[in-house]
Amino acid sequence: MYFYDVMIDKEALYKEVLPQAVSLLEDETDEVACMANLAALLHSAFGFWWTGFYRVVGDELVLGPFQGPVACIHIPYGRGVCGTAWQRGATVVVPDVEQFPGHIACSSESRSEIVVPVWRDGRVCAVLDIDSRELATFDEIDGKYLETILEKVFK
Ligand code: SME
């Protein structure tokens, strides 16, 4: 029952945040400004541990706008959860970071994680990375709504 209630609340919150994100950012063309405000919006709405972006710069990811503790700056292609999501071109949900081979631990507090690619002109231009201090925070509901928000903001 508790699990069911949490699932309903999460989806309800995404349904509130989605139109807020779209109305706040749909006409803004500066990518970094959009990343900064979207990280702030998601972080404050959900109370995540770390919420932010890594941008594709050449053959690596470089830290972009974020909310939360300081984080590692450079992530190579295919490395960690972020580099894996970039390589796959697909959302990666990690219920327990200790079980993900090659996970990059920017914070020892992080227990679960989701990374969603940001697409522009048919290529991944960045990833959205969200960390939680709880195990198994993220699932397909997060993936579905975060992908939708990113599609509408970074079109
Ligand atoms: N854990 C990520 C690194 C980024 S931090 O979580 C902010 C990874 O494995 O790619």
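Description of the structure in this document.

### Digging into the sheet that holds strand β2 (residues 60–67)
Step number 1: Within the open sheet, the 6 strands sit side by side as β3-β2-β1-β6-β5-β4. Their pairing is antiparallel. Since the sheet does not close on itself, it has two edges, and those belong to β3 (74–76) and β4 (92–94), each with one partner. Neighbouring strand axes in the sheet, compared pairwise and without regard to direction, differ in orientation by 25 degrees on average.
Step number 2: For β2 and β3, the ladder comprises 3 bridges, and the chain directions are antiparallel.

### Description of helix α4 (residues 140–153)
Because each turn of an α-helix spans 3.6 residues, side chains separated by three or four positions end up pointing in the same direction.
Step number 1: Over its 14 residues, α4 runs 20 Å from end to end, which matches the ideal 20 Å to within 8%, given 1.5 Å per residue.
Step number 2: Residues I141, D142, G143, Y145, L146, I149, L150 and V153 constitute the buried set of α4.
Step number 3: Taking the backbone nitrogen of I141 as reference, a side-chain oxygen 2.9 Å away marks D139 as the first, capping residue of α4.

What counts as what
Residues numbered from 1 in each chain as written. Predicted model: local features only at pLDDT ≥ 70, side-chain atom pairs only at ≥ 80, totals over all residues. Heavy atoms only, no water. Pairing = 2+ DSSP bridges. Helix = DSSP H or I, 4+ residues; strand = E, 2+ residues; numbered from the N terminus. Axes fitted to C-alpha atoms, helices over the stretch in contact; angles between N-to-C directions. Expected span 1.5 Å × (residues − 1). Buried < 20%, exposed > 50% of the residue type's maximum accessible area, 1.4 Å probe, protein only. Polar contact = N/O pair within 3.5 Å; in protein donor to acceptor, adjacent residues only side chain to side chain.

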